[in-house]
Structures are given as structure tokens and as C-alpha cells.
2 protein chains.
Amino acid sequence: MPVTEKKLIQRIRRLAGKNPSLVMGIGDDAAVLRIPAGHEVLVTTDFSLENVHFRREWHCPQLVGWRCLTRGLSDIAAMGGEPRAAFLSLALGRDVPETWVQKFLEGLLALARKHGVALAGGDTAESLSGIQADITVVGSVPKGKAVLRSGARPNQQIYVTGALGGPASALSELMLGQHLGRVGEGHLRPHLRLAVGQWLRRHRLPCAMIDISDGLSTDLEHICQESQVGADLVADAIPRARSGPGKNRVDLRFALHGGDDYELLFTSARKVPATIEGVAVSRIGQTTSRTGMRLIDAHGTARRLDAGGWEHFRQES
Amino acid sequence: MPVTEKKLIQRIRRLAGKNPSLVMGIGDDAAVLRIPAGHEVLVTTDFSLENVHFRREWHCPQLVGWRCLTRGLSDIAAMGGEPRAAFLSLALGRDVPETWVQKFLEGLLALARKHGVALAGGDTAESLSGIQADITVVGSVPKGKAVLRSGARPNQQIYVTGALGGPASALSELMLGQHLGRVGEGHLRPHLRLAVGQWLRRHRLPCAMIDISDGLSTDLEHICQESQVGADLVADAIPRARSGPGKNRVDLRFALHGGDDYELLFTSARKVPATIEGVAVSRIGQTTSRTGMRLIDAHGTARRLDAGGWEHFRQES
């Protein structure tokens, strides 16, 4: 590691920022956080491993940092929660240049600042090679109000925010070599639906909610399994991202099975606005008492839909 | 990874245990925890990386799991806090046998059960090779009562729990090949001073506290730097572990610079009992207004003491 552990910690500490929730941040055995009275604590952790979740030759370091924190914040969004603090465990091999680390931190901390989240601690280590990051995000939500995956009941409408499949389509182009060079900071930067998640929770609209990190089909299956319901999706209703020079809509398979979208997927027994906090919300199907998932095409034909989400790079390469 | 990610998560979920703090554990986007009214939240994260923090040929898997969680719980102890829940991020290469994972989880969960801590979430991934674990522990402490590293003032007494240098001495024997085979479950199992830390906090005795994970000299330097004081240690007063067949006291250097002890090091302006919660407490020196650390030998001669703690295996091998 060209940057020593001590220097790295000093640098992170200088850049980490403050936040009213933070009583004690980096520099002690543990961080000390203040959570609003009447709130419960939310905790989530997510790996960002080189050659598993990202590739140095494809993803610029700012994007890797931004995505690393997005993974954690998006889990808080999916509970309807408010993020309070993030914790970064970062192991670096000697093959990782100091400039890479600097830009990674810039990307991560830019997103943290945007949402008023302090980087409050973590761990550092020298790894044998490459980059292993693990992000922990701590948030909070008023007592009893966290939106779980298990709250769906049959005959509820299924909704999704934004448009799906953009990141999966772009990544596929990289894998096929149709797109040369690295994905820049401005591209592939995932959406994050914190405001929408909080709005939905405050208005008590969602019965079950999840973020789409593994792909629509996989994450919908998580809701179905935890809630013991099935689901019918209408193929034409699934909002597909536009991509490439022609701004064409991506293939349905990317929208159905691609990962890394970080949009919110939820069920509701009530009518949901078409736009929430400036984000389009689409009704894409409904839950059923029959278990299993089905996809209904334009002719009304239903076929079985299997979870076929995100595979890590390892298996694909 | 011989055990699929899905099977691994199901297994962990089955074994994870419950806890009154836990509203929602494994199986949602984030865990939901209840923290006692009037408490602040403590959060710490610690890596356990193969060939950095442990070696498969030296450490049995139960011990690796036990130590992995000890690292997190010990940080909560050093704040005087009560642990509430643990989160395990675990990346495994295909070279890691399923039985290794099973035994690792057994070790980790045995310690969790012992202290009533639920395993409330985490992440799993397939890594390129080897084992990368990151443990997050969330605890709590009454508002304003967390014991920080920064509270020491000049002319306070310095205390340490237990005896130091045992793990470093045993590891040194392994490195020199003087001890064949792996370190078993019963050996090298680190102490954990949660009850002592809480007792000290309740009795308002410590002004600054830290756990000895990096070695006495390194961790004392952390207190000195955060508190802007110096320290004089009395060599003969430092409690040394006994080790080997003859049960001889370990070399002073292991007690001074060895890591992985997980004993508590603290300063106090008041008299501290010689035994707390069944654990011996030794007075080993005092803080000074002059910065820097000194070691005073049996003849009263003082020499400069530099932080020379734990080096990861990587640099030593």
C-alpha cells in the first residue's frame, strides 16, 4: 500500500465531515451517535470488492466510492429511513495507487455530503492485493414505522420508481467490448431514492418495500418469499431506461434481471401518485395469493418468471 | 465457494439468535434495533482478513470466528458500553471448504450467545480467494457516559486489566516454528472485558480508556495523542502473561508491543480496586504533562518508549 495506514486514517479523518447525530466520530474505539427520541436504529452493511462488484479498468475510482456508499444508503431508503452515519472498512493491496484511494474517497464523501451523512469510523488494513471495501450505514426511523419486505398481502399493486436496466445494459456493453475505456464519473452513477422512501413511509403508502440492487426479478422474489405471496408483472408496464447514442429503451431482460439500479420496489393497497419527490413511479403488476412470479405479455399470455438477477463479475467472466 | 451464497445466508439466519433489542434481524434491507431510552449508539467495525489478521494453517476456524467478534465487542467494552447486535460481512473464495465456514460461524456465534448479542445482518460475497470478514458491532451507553480516549489529564494513574503478551508470545512461537500445528480452540482465545468496562463506566473511574488490540505501547500512544499528555510506565509493574510448558512469564517485549490482548487500558484520577468483576487490575504508571512515553526500569532509569505494536502478518513474513 503506497499510502500508509496511519496517513490514510488521518486523511479520512480530515475529510470525514460532521453531522448533528455524531457525538464522537473517527478517533476512538467506537463512534458515538445520537438517535432522535422515539426512533429505532437501522443498520446495513455491503461489500464492494474488486473484480466482484467492480473492476478498476471499467469503473473510475470516484464512481466506485459513490456506488460503495449508494449500496448502503439505498438499503436505508428501502426501509423509509433517514441515514445518520457511515463506516468504511477499506483493505488495500500494495498495487493500489494513492491517487486511486484519494479519488475513491472523493466519490464516497461527495455522496455523503449530499445527504448530510458523516463518515464516522471504520477500519483499514493492508490486503494481499486489490481493493476490498465494506460500507456500514446506520440510520433511523420512527418506532414501528420501518417498511419491511414482509408486509405485502395478495391483490396489492406493485410499483417501481424511475426506470430500470440502465446500469446492466451499460455493463453488458463493457463486457462485450462494445464500449471502450472506463465508465466515467458522470455515467453509471446510480440513483438513490432516499427522499422518495421517506415520503412513502410518512404517507404510509407501502406495505412492503425493497431496493433493486440484485435485479427486479430477484428483489421481487425477496418480497414474495418474506410476505408469502406471488406476483404478476405486466411486461409492457415495466419502465425501461434509455441508453446508448440513439437513447433507445434497453432490452426488457436488463430491466427484469439487471442489478445495480437502486430504484425502490414496493407494494401498496392504496393509490400511489405517478410522481413522488420529482421521481416517476410506475405501477407494474400486482401481488397474488398463488405463490410464484409470472410475466404477462402484450397478448395477455402469462409465463413463469424466475429470479435471474445480478451475477457477480466472477461468474460472468 | 462450495457453499452457495443463498445457502450460507439461510444457515446464518437459522443460527443467528434473538435478542430483545432486535426488532428485525437478517432478511430485510436493514436490521431494525431498539436502543434503550436515554442511550447513545456505539458503532465499530473491524476486519479479519486471511493472511493479514489470521492464517488458516495456524488458527482453527472456531478461533477465527471467536476472535473476529471479539475485535468488535472489545471496542464496545473500551467505551464502557453494552453490545446490542453484530453484523458479519463475509467474502469467501472457492478454496474455502464448507466445514471451515461452519466452524467459523460456530466460534463466532458461541461468543455472541455468551454475551446475548444477536447476529442481526451483514453481507456475503464470493471473493477471488481466501477469507475476508468484516464485523460491525452496535452497542449503546447512557447519554454522555461513553469513555473516550481523549479524557486523560496529566498525573493520572494508568491501569491495565489481566496480563499481557500471551497471544503475541504464542504467535511468535508459531512463526519461529517452535510450535507445530494449529492453535486450537482452547488456546489463544482472547479475553474480553465487557463486564469490567461497564463496571468502570458505572463507577465513573476511568478518564480515558482503550482496548489493547495493537499492543500496550501503541494503544497507550493513542490515549496520549488524543488526550495530549505523556506517560511514564514502570517496567516491573506491567503484568505479563504466563506461557509455554513451564508457565514462565512472557518476555517484556511481548507485553509491551504484542497485540491481540483485548485487555482494557485506562487512566484514572481515583483509586481503582485491585480486582474488578473477578479480573486483576494493575497500576502500571502515570500520565505526564510532558508529551512522549517513557519506560522506567528497576533502577529508576527512564528511557524513551516508542509505539511498536502489532504488525500484520504480511510485513512479518
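What counts, and where the lines are drawn
- Residues numbered from 1 in each chain as written.
- Chains lettered and ligands numbered in written order.
- Predicted model: local features only at pLDDT ≥ 70, side-chain atom pairs only at ≥ 80, totals over all residues.
- Heavy atoms only, no water.
- Pairing = 2+ DSSP bridges.
- Helix = DSSP H or I, 4+ residues; strand = E, 2+ residues; numbered from the N terminus.
- Axes fitted to C-alpha atoms, helices over the stretch in contact; angles between N-to-C directions.
- Contact = heavy atoms within 4.5 Å.
- Buried < 20%, exposed > 50% of the residue type's maximum accessible area, 1.4 Å probe, protein only.
- Polar contact = N/O pair within 3.5 Å; in protein donor to acceptor, adjacent residues only side chain to side chain.
- Expected span 1.5 Å × (residues − 1).

Asker: Talk me through the sheet that holds strand β4 (residues 82-92) of chain A; I want residue IDs and the actual numbers.
Answerer: On the basis of which strands lie adjacent, the open sheet formed by 6 strands has the order β5(A)-β4(A)-β6(A)-β3(A)-β2(B)-β1(B) and mixed pairing. Two strands lie at the open edges of the sheet, namely β5 (118-126) of chain A together with β1 (22-24) of chain B, each paired on one side alone. For this sheet, the mean inter-axis angle between neighbouring strands, taken without regard to orientation, is 25°. Bridge count for β4(A) against strand β6 (residues 131-142) of chain A is 10 bridges, and the pairing is antiparallel. Bridge pairing links Pro83(A) to Gly139(A) in β6(A). Where helix α2 (residues 61-78) of chain A meets the sheet, it contacts β3 (39-49), β4 and β6 of chain A, and its direction lies at approximately 150° from that of β3(A). Lying over the sheet, helix α5 (residues 194-202) of chain A contacts β4 and β6 of chain A, oriented at roughly 140° with respect to β4(A).

Asker: Would you mind going over the sheet that holds strand β2 (residues 31-33) of chain A in detail, with residue names and values included?
Answerer: The strand order β1(A)-β2(A)-β3(B)-β6(B)-β4(B)-β5(B) describes an open sheet built from 6 strands, whose pairing is mixed. If you trace the sheet from one side to the other, it starts and ends with β1 (22-24) of chain A together with β5 (118-126) of chain B, each paired once. With strand direction ignored, the average angle separating the axes of adjacent strands in the sheet is 25°.

Asker: Talk me through the environment of Asp211(A); I want residue IDs and the actual numbers.
Answerer: Mapping Asp211(A) onto the fold places it in strand β8 (residues 206-211). Under the relative-accessibility criterion, Asp211(A) is labelled buried at 1%. C-alpha of Asp211(A) to C-alpha of Phe266(A): the two residues are 55 residues apart in sequence and 8.6 Å apart in space. Setting aside residues no more than four positions away along its own chain, Asp211(A) makes contact with Ser74(A), Asp75(A), Ala78(A), Asp219(A), Tyr262(A), Glu263(A), Leu264(A) and Asp29(B). Of note is the side chain of Asp211(A), whose polar atom sits 2.7 Å from the side chain of Ser74(A).

Asker: Give a description of helix α3 (residues 98-114) of chain A that names residues and reports values.
Answerer: Residue and element names in this part refer to chain A. If you check α3, its first and last C-alpha atoms are 24 Å apart, about what 17 residues at 1.5 Å a residue would give, namely 24 Å. Among the residues making up α3, those that are buried are Trp100, Val101, Phe104, Leu105, Gly107, Leu108, Leu109, Leu111 and Ala112. Each element contacted by the buried residues of α3 is listed here: α1 (5-15), α2, β4, β5 and β6. Gly116 sits one or two positions beyond α3 and adopts a positive phi of about 65°.

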